[in-house]
Amino acid sequence: MKPRRVVIVAFDDAQILDVACPSGALEIASSHGAAPPYVVELATVDGRTTRSSSGIMLAGARRLAEVSGRIDTMLVVGGAGTGTAAADERLLTQVRRLAERSRRVASVCTGTFVLAAAGLLDDRRVTTHWGYGEQLAAAFPAVTVDPAPLYIRDGNVFTSAGVISALDLTLALIEDDHGPTLAREVARELVTYLHRPADQAQISTFLAAPPPGNRVVRDLLGYIAAHLDEDLSPSALAARAGVTTRHLSRLFGTHLGKTPARTVRAARTEAAAHLVRSTALPLSAVARRCGFASAETLRTAFRHHYGLTGDTLRRMTDMPRPLGT
């Protein structure tokens, strides 16, 4: 069997993790018996040694114009140099040409801008790093931008969110090619979460911090995430912050759009969902760890938050977004 040929398109000031995550995961997949195995090639416009945004040099690249033959996957990386790359007509011409030779096309992070500039994303639903979704949508109105998911598949085009989501995307590609068993083996080798679902939000409850000036809310969010099994009642949180419960409610409403109680419940439910999907812990143990009074209380939270039971969540490969989002 001929190897699956993966061409990674890079440029100066590319994010090195956008190159390393896919190439490393594919190499491990091959070492674990991927049949056919993967062969990864790095390609740039000039074929010269390329400087990543971290200053580390990437050698061994081929000239894009010299890449010929059939390609299994063309993957365009992102990074600080994306703006310059997306305006380089030489690069865009080669990306269009290689896309015609590829079974599937993918991008990591702001690499979506390059695919969009090449005209490869018109009338498609795509994602990118959460911080650049509005910019992408404004620059390319023919593209439907959804900045929430970790990655999106639209036909033979895959787009992913920021940086480490490159690993989630690559695990999805491996599963698509070789099935879930190999994808899980690669995830275990990488000591990573076992294939986060595509529709999982890029920013979890724990990371969706308010603007930097809102210290009280920011500090309490961090405290909530680290103490899910403790007393997180509005009165307890207010006492910790040194404010009244009424003022605490105003702060959460202004900066998070929800009450302290709803914020805590969402954080606990999200954490419980991760444990249900990634461990074999009984629901009662998950409930205790995440601060729910009982397994039945947790089941109610799952039904309210996801519209599903804990048992259904455990069986599912992909987890839906919370209801109402």
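Residue indices begin from 1 for each chain and proceed along its sequence in written order. Confidence filtering applies because this is a predicted model: local features only for residues at pLDDT of at least 70, side-chain atom pairs given and counted only at 80 or more, and all residues used for totals across whole chains, interfaces and linings. As a rule here, side-chain values come from all non-hydrogen atoms in the structure, and water together with hydrogens is ignored.

Draft legend 1. Looking closely at unusual backbone geometry. Ala 35 connects to Pro 36 through a cis peptide bond whose omega is 0 degrees. Located in the positive-phi region is Asp 13, a residue other than glycine, with phi close to 65 degrees. Helix and strand definitions follow DSSP, with helices as H or I runs of at least four residues and strands as E runs of at least two, each counted in order from the N terminus. Tracing the backbone through its elements, the reader meets Asp 13 in the loop between strand 1 (4–9) and helix 1 (16–31). Not every positive phi belongs to a glycine, and Cys 109 is a case in point at roughly 55 degrees. Structurally, Cys 109 is set in the loop between strand 7 (102–107) and helix 4 (111–117). Judged by relative accessible area, Cys 109 falls into the buried class, the value being 7%. Partly exposed residues are those whose accessible area sits between 20% and 50% of the maximum for their type, while under 20% is buried and over 50% is exposed, using a 1.4 Å probe and protein chains only.

Draft legend 2. Structural view of the packing of aromatic side chains. Centre distance within 6.5 Å is the pairing criterion for rings of Phe, Tyr and Trp, where only the six-membered ring of Trp is used; planes under 30 degrees apart are then read as stacked, over 60 as edge-to-face, and the remainder as tilted. On inspection of all chains with the given rule, the structure shows one aromatic pair. When the centroid spacing of 6.5 Å and the interplanar angle of 70 degrees are considered together, the rings of Phe 113 and Phe 140 count as edge-to-face. Separated by 27 residues along the polypeptide, Phe 113 in helix 4 and Phe 140 in the loop between helix 5 (133–139) and strand 9 (144–145) bring together distant segments of the chain. By the burial criterion, Phe 113 is buried, and Phe 140 matches it.

Draft legend 3. Region of interest: the pattern of salt bridges. Each reported salt bridge corresponds to a side-chain nitrogen of Lys or Arg within 4 Å of a carboxyl oxygen of Asp or Glu. The final tally for this structure, using the stated rule, is 22 salt bridges. For the salt bridge of Asp 46 with Arg 90, the shortest nitrogen-to-oxygen distance reads 3.2 Å. One end of the pair, Asp 46, is in the loop between strand 2 (38–44) and strand 3 (50–51); the other, Arg 90, is in helix 3 (residues 89–101), and 44 residues separate them in sequence. When its relative accessible area of 38% is taken as the criterion, Asp 46 is described as partly exposed. With a shortest N-O distance of 2.8 Å, Asp 72 and Arg 103 are connected by a salt bridge. Taken together, the residues span a long stretch of sequence, with Asp 72 in strand 6 (residues 71–76) and Arg 103 in strand 7 at a distance of 31 residues. Taking relative accessible area as the criterion, Asp 72 reaches 10% and is therefore assigned buried. Through salt bridges with shared partners, a single ionic network connects Arg 4, Asp 72, Arg 103, Arg 104, Arg 153, Asp 176 and Asp 177.

Draft legend 4. Quick peek at the sheet that holds strand 11 (residues 157–160). The strand order 5-2-1-6-7-11-10 describes an open sheet built from seven strands, whose pairing is mixed. Looking along the sheet, the strands with just one partner apiece sit at the ends: strand 5 (62–63) and strand 10 (151–154). At least two DSSP bridges between two strands are required for those strands to pair. Relative to strand 7, strand 6 is paired through five bridges, and the arrangement is parallel. Bridging across to strand 7, Ile 71 finds its partner in Ser 102. We call two residues in contact whenever any of their non-hydrogen atoms come within 4.5 Å of each other. Each axis is a line fitted through C-alpha atoms, taken for helices only over the stretch in contact, and angles between the N-to-C directions span 0 to 180 degrees. Along the sheet, helix 1 contacts strand 1, strand 2 and strand 6; its crossing angle with strand 2, the most-contacted strand, is approximately 160 degrees.

Draft legend 5. Examining helix 1 more closely. For helix 1, built from 16 residues, the straight-helix expectation of 22 Å at 1.5 Å per residue is met to within 8% by its first-to-last C-alpha distance of 22 Å. The complete set of buried residues in helix 1 reads Ile 16, Asp 18, Val 19, Cys 21, Pro 22, Ala 25, Leu 26, Ile 28 and Ala 29. Definition of a polar contact: a pair of N or O atoms within 3.5 Å, with one able to donate and the other able to accept a hydrogen when the atoms are protein atoms, and with sequence-neighbouring residues admitted only if both atoms are side-chain atoms. Of the residues flanking the start of helix 1, the one acting as N-cap is Gln 15, its side-chain oxygen 3.1 Å from the backbone nitrogen of Leu 17. Gly 33 lies just past helix 1 and shows a positive phi near 100 degrees. Expected helix span is taken as 1.5 Å per residue step, with the number of steps being one fewer than the number of residues.

Draft legend 6. Summary view of the nonpolar core. Residues enter a nonpolar core if they are buried and are Ala, Val, Leu, Ile, Met, Phe, Trp, Tyr or Cys, with the set joined through side-chain atoms within 4.5 Å. In this structure, Leu 91, Val 114 and Ile 174 are the most contacted members of the largest nonpolar core, which totals 65 residues. For Leu 91, the contacting residues outside a window of four places in its chain are Ala 10, Phe 11, Val 45, Leu 64, Ala 85 and Val 114. Counting residues in hydrophobic clusters, the runner-up holds 30 residues, among them Leu 275, Val 286, Leu 298 and Leu 308.

Draft legend 7. Seen up close, the environment of Glu 270. Considering the arrangement of structural elements, one finds Glu 270 in helix 11 (residues 260–278). Classification of Glu 270 by relative accessible area gives buried; the value is 13%. In sequence terms Glu 270 and Tyr 306 are 36 residues apart; their C-alpha atoms lie 9.8 Å from each other.

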